Structure formats: structure tokens, C-alpha cells
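Commentary on secondary and tertiary structure
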Amino acid sequence: MLATNLLTPLLFLFLFSQLLQKLSVFPGISGNYLTYLTPGIVILNAMTSATLSGVSMVNDLNSGFLSKMLLTRVSRPAILLGRLLTDVFVALLQSIITVVVAIGMGVTIVTGLPGVLLILATVAFFELALSGIFLAIGMRTRKTETISAIGGVLFFPLIFVSSAMFPTSFFPSWAQTISAYNPVSYASDVARGLVQGGLTGGTLASAYLMIGFIALVTISATLYQFRKVIS
Amino acid sequence: MPNIISVKDLVIVYADGTRAVDGISFDVREKEFFGFLGPNGAGKSTTIKTLTTLLRKTSGKVSVAGFDLDKSPAEIRSAIGVLSQETSLDVDLTGRENLRLQGRLQQLHGKLLEDRVEELLKMVQLDEVAGKPAGRYSGGMRKRLDLASALIHNPKLLFLDEPTTGLDTQSRAAIWEYLERLNKEEGITIFLTTQYLEEADRLCRELSIIDHGKLIAKGSPAELKATVGGDAITMELKGGDDPAMKSKAKEIIRTIQGITKVVDSDGGVVAYALDASQVIAEVVTSLDRSGIRPGSLTISSPTLDDVFLRQTGRRIRSEELGRKET
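Residues numbered from 1 in each chain as written. Chains lettered and ligands numbered in written order. Predicted model: local features only at pLDDT ≥ 70, side-chain atom pairs only at ≥ 80, totals over all residues.

This part is about the overall build of chain B. What chain B contains, in helices and strands, is 11 helices and 14 strands. C-alpha extents for chain B along the principal axes are approximately 80 × 45 × 40 Å. By residue count, 42% of the 326 residues in chain B fall in the buried class. (Helix = DSSP H or I, 4+ residues; strand = E, 2+ residues; numbered from the N terminus. Buried ≥ 20, exposed ≤ 12 C-beta atoms within 10 Å, placed from the backbone.)

Bringing the domain arrangement of chain B into the picture now. By the assigned domains, chain B splits into domain 1 (3-225) and domain 2 (229-301). If you average the C-alpha positions of domain 1 of chain B and of domain 2 of chain B, the two centres end up 43 Å apart. (Domains from an automatic or database assignment.)

Residue and element names in this part refer to chain B. Strand order in the open sheet formed by six strands is 6-7-8-3-9-10, with mixed pairing between adjacent strands. Both outer strands of the open sheet, strand 6 (80-83) and strand 10 (214-219), are each paired with one neighbouring strand and no more. Shown here is a sheet whose adjacent strand axes are inclined to one another by a mean of 15 degrees, direction ignored. Where strand 3 (residues 33-37) and strand 9 (residues 206-211) come together, four bridges link them in parallel fashion. The partner of Phe-36 across the bridge, within strand 9, is Ser-208. Contacts between helix 1 (residues 44-51) and the sheet are confined to strand 3, strand 7 (157-161), strand 8 (189-194) and strand 9, with strand 7 contributing the most and set at about 150 degrees to the helix. (Pairing = 2+ DSSP bridges. Axes fitted to C-alpha atoms, helices over the stretch in contact; angles between N-to-C directions. Contact = placed C-beta atoms within 7 Å.)

For chain B, per-residue confidence averages 88 on the pLDDT scale, and residues scoring 70 or more make up 96% of the total. Listed scores for the predicted complex are pTM 0.81 and ipTM 0.78. (pLDDT = per-residue confidence, 0-100.)

The next point concerns the interface of chain B and chain A. If you look at the interface, chain B gives 12 residues, while chain A gives 12 residues. Partitioned by chemical class, the residues of the side of chain B that touches chain A number three nonpolar, six polar and three charged. (Nonpolar A, V, L, I, M, F, W, Y, C, P; charged D, E, K, R; others polar.)

Take unusual backbone geometry next. Residue and element names in this part refer to chain B. The backbone of Glu-162 sits at a positive phi, close to 45 degrees, despite the residue not being glycine. If you trace the backbone, Glu-162 turns up in the loop between strand 7 and helix 6 (169-185). Accessibility expressed as a C-beta count within 10 Å gives 21 for Glu-162, which makes it buried. Look at His-212: it is not a glycine, yet its phi comes out positive at around 50 degrees. Mapped onto the fold, His-212 is located in the loop between strand 9 and strand 10.

Now for the packing of helix 2 (residues 33-63) of chain A against helix 6 (residues 144-160) of chain A. All names here are of chain A. One way to put it is that helix 2 packs onto helix 6 with a least axis distance of 9 Å and a crossing angle of 170 degrees. As the angle between them shows, helix 2 and helix 6 are arranged roughly antiparallel. The handedness of the crossing between helix 2 and helix 6 is right-handed. Of the residues in helix 6, those touching helix 2 at Leu-44, Met-47, Thr-51, Gly-54, Val-55 and Val-58 are Thr-144, Ile-147, Gly-151, Phe-155 and Ile-159. A per-class count over the contact of helix 2 with helix 6 returns seven nonpolar, four polar and no charged. (Parallel < 35°, antiparallel > 145°, perpendicular 65-115°, else oblique. Left-handed = near helix turned anticlockwise from the far one by under 90°.)

So this is what it looks like as C-alpha cells:
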């Protein structure tokens, strides 16, 4: 399963960059669609991994594995932290592979290694904020179907009505408005600013504030649900 | 011997208002082999989940392994081993790796852990397949591995929630043997829930029978069965659906010395006698003299199901209806 998860972003990267190569001539792409797309795919990794986090939690709950863990000497916060960090790790691994492959395909990350590290930090932070949603839902409903359904319904519009895959200047004005408030756009703009250069302090600060706010809400909900599960 | 589990007036009400456990009290002595027998949905799993700190009780006083359930749940968890109904193993890891993982979670390390892992693999007879992924194990093997992992930290008290449900006869016998050995040779106190009469009868020295969240009988299997009133002689009568013939048969049998009780059953009657072998010949000849012929006749020792039947008017499981224990 891990292997499939690691390959999905690469599949996206290849498919979109090859099929939509001609997008490169449009303004807002800066000459190369692959370079435009790479940061978007990296942010996508955070989103898929977050969904997975909820699914794993439901499986642990329903298979009795969580109960088994709760009965050991492992501290309870560590059990939740372990779940969160595992999925952050998966998102990071996916992103490192994506970046390496993209570089192999000719993408230049103008900010170099420090830029890549900041991209990874952004992915990790975004993943953490989003997994809170799915962990909380998973612990409440105990159904993987709910998670997949919500993941699909929430994530498809969020991904496509954002700057992740296409420049927002392509969109009708209503979509541009949504995209301007879409957290996926914030995260993608940070990653893109680091790949193409030109990241401003303002973009970085507003993205981290936005993600921080989401994390606060979703991780609180997760803690609340976790406390209910263990008592 | 002192009590290792003490439960007083335990009540567990679910969020939807269901009274899953409705005011039960019992004690379990140290080194006891204690069983909770009851049909599905009787409240067995709910009780075991509460005693093992996984579920919150509504009211009542509970102490496990010398610790108060409300004040020291973490200490209770360290002292007990739990085999839950669902077998949860990592199917990608080998049997040995599963045990090692469980050992690390229980904060065992180094040679101590390695020795314990090998010892347990031998005990549950998985040492030869310990290098294979647990995903390729049969149901019985998985259960044995799960049992080993519940024992990794040397608990003095072992909780088992329906340990043999869904297992084939052979795997069941193997689990029974391990449990008996653990109890006898290592002095581990065992608390087991089961819906199988034979299991409760064979393993448990002390039983509580639970139904609809209430304890309906307590005692050793022999004591419980003694309350039924001796051996059961089940007779099918030719033309036994005729109520007149049934009552005539009952009248005749009731006069025979040694018969304690006669009741109706489908197509015939059931007579209870302290010792069936002493009265059986007379029962048959007396009936024959009156022209009543038994179509079939079975003598059986009373079973725990008879105990359940007497208390609730129902049998524990219909599938076991036809089986007689001797």
C-alpha cells in the first residue's frame, strides 16, 4: 500500500505535465508547465496522506489494534502522536520523491536546498493540519467510507479551484474569488514561490497563519475525540 | 486466598440508554480459573472491557489486581494481560516480529525480551513457523500468537474475551490446553468469557452465568449442575403428542422411587433422577405395562444449559440443543 501511495504523485506529475504540455505557452505559467505543476503536486501529497491518516485510525479502532495499544505501557499521547508523525513522514517521503523526480525531469528549484527544506516544512505543517480533520471524523464515525467520501467531496474542488494545478488567471471570476481564500492556494503559492523564486514574506506569513488556524481547530477536534475514545 | 478481582454493584449504561450491565457483583480469588458464561449480548464483553480499563463504568466499585479501577487504571493495565475477541496482529510482520513489537510496547528490551519471545513461541507451538508472516497463519495460529502476545509481560492475571469463538475443534483444544497449563503451572489467574457450555464446564472452577446484564447463577460447574436435580432421562413417546398419554406417563413415572421430578418436553417427557441407572429399568417396564412405548430414550447428566434453562426458560444456543454431555 505504501508503494502505491508513493507512486501516485509521480503518476500525477507525469500525466498532467505531459498531457498539458501546451499550457506552457500561457501567461502565468512562466514558460514551463512542469515547473508550475511540481509545487502543486507536492502540496497534493499532504492532502492524500491526511486522508490516509483517518483511514488508518478507523482501521486501528475497528481491528482492535488501538485497544491493544491502549492496554500496553505506551503513554496515550504517544499513541496519537505516533499516528500523526507517521502520516507526516509519508507525506514528506512522497514529496522528496516528487521533488527528486521533478529535478530529474528538468525542473530547477531556484532557492536550492534551503528552499526544498522550507517546501517540506510547509508540506508537513499542511498535512498535520488536514489530518486533524480526518482523524476526528474517523474516530467519531468509525467508517472508512465516510472518510473517503468526505475526502473526495472536499479535496477535488479544493485542489482544482486553487492555484495548485493551474494559474488562477485561467478561472472565471467566481472561481478566482474562491481560490483566493482556499488554503490549498496559500500552501501552493509558498511552495511555488520557493521553486520559481520570488516568495515574499507576506505570502509565507499569511499561509502559515492560515494553516496554523486550521491546525488549531482540527487538532483540537482530534484531541477531543481521542479523549472520548480512550475513556 | 485473597481476591484478585472484586466487583460490587457494577452498572454500565451506554450512551443510548442501554443497560448493558445491570448491577452485578462477584469476586475472583487469586489463581482461580473463573468463567463468565452467557449468550451473545448478555454483557460479557462489556464487563471485560470495563475491568480492563477500556470502557468507563456508570457506577459500582471495582478493584483489579489490588488496584482501584477509578484511581489506578494505568497500574491495572501493567498487571494484566488481555486477549480480546478481535485478533489484531500486523499481518506483514512475522510471528516473531509481532511478539517483539508487543514486547517493546510493553517496554521490554534486549535479551530478556528475546528469551521471552522464544519461550512463548515454543509454548504456543509456533516456533517452527515464527519466521513466516502472520498474514499466512490460519485462524487458530493467529489466536495462539495473540495469546502469546498477551502474555509477553508476564501478567499475573489474564483476561480472555471469547478466546475460542470461531475456531475449529482442534485449535480450540490447543487453546484450552495452554490455558489450563498457565493456570496450573504458572499460577496465572484466568478470567474468561464464553458462550460455549463445554468450554465453561471443562475449564472453569468457578462460574458466573450472565443474561441480560444480570448474574443469574454462581458457583462451580458441579454445584450449578447439582441445582438441576440429578440426571435427566429424556423420553420420546410413541404418540407422545397426545396430552392424555403424556400425563398418564408422568403419573406412572412419578410413583417410581428415586425419581425427583417429571416435566413435559416436545413429543415426550423428561424425568430427573439422582441416579438414572437405578431407576431406568423400572421406568421402562412400568410404562410398557401400561401400553406406553418410548420411541427413544436418552440419559444425560445435567449440563450448564439445563442450569440456564431452569433460570431463564431459554437455552444458551440452539445449535447445542441436540448435544448431550456425559
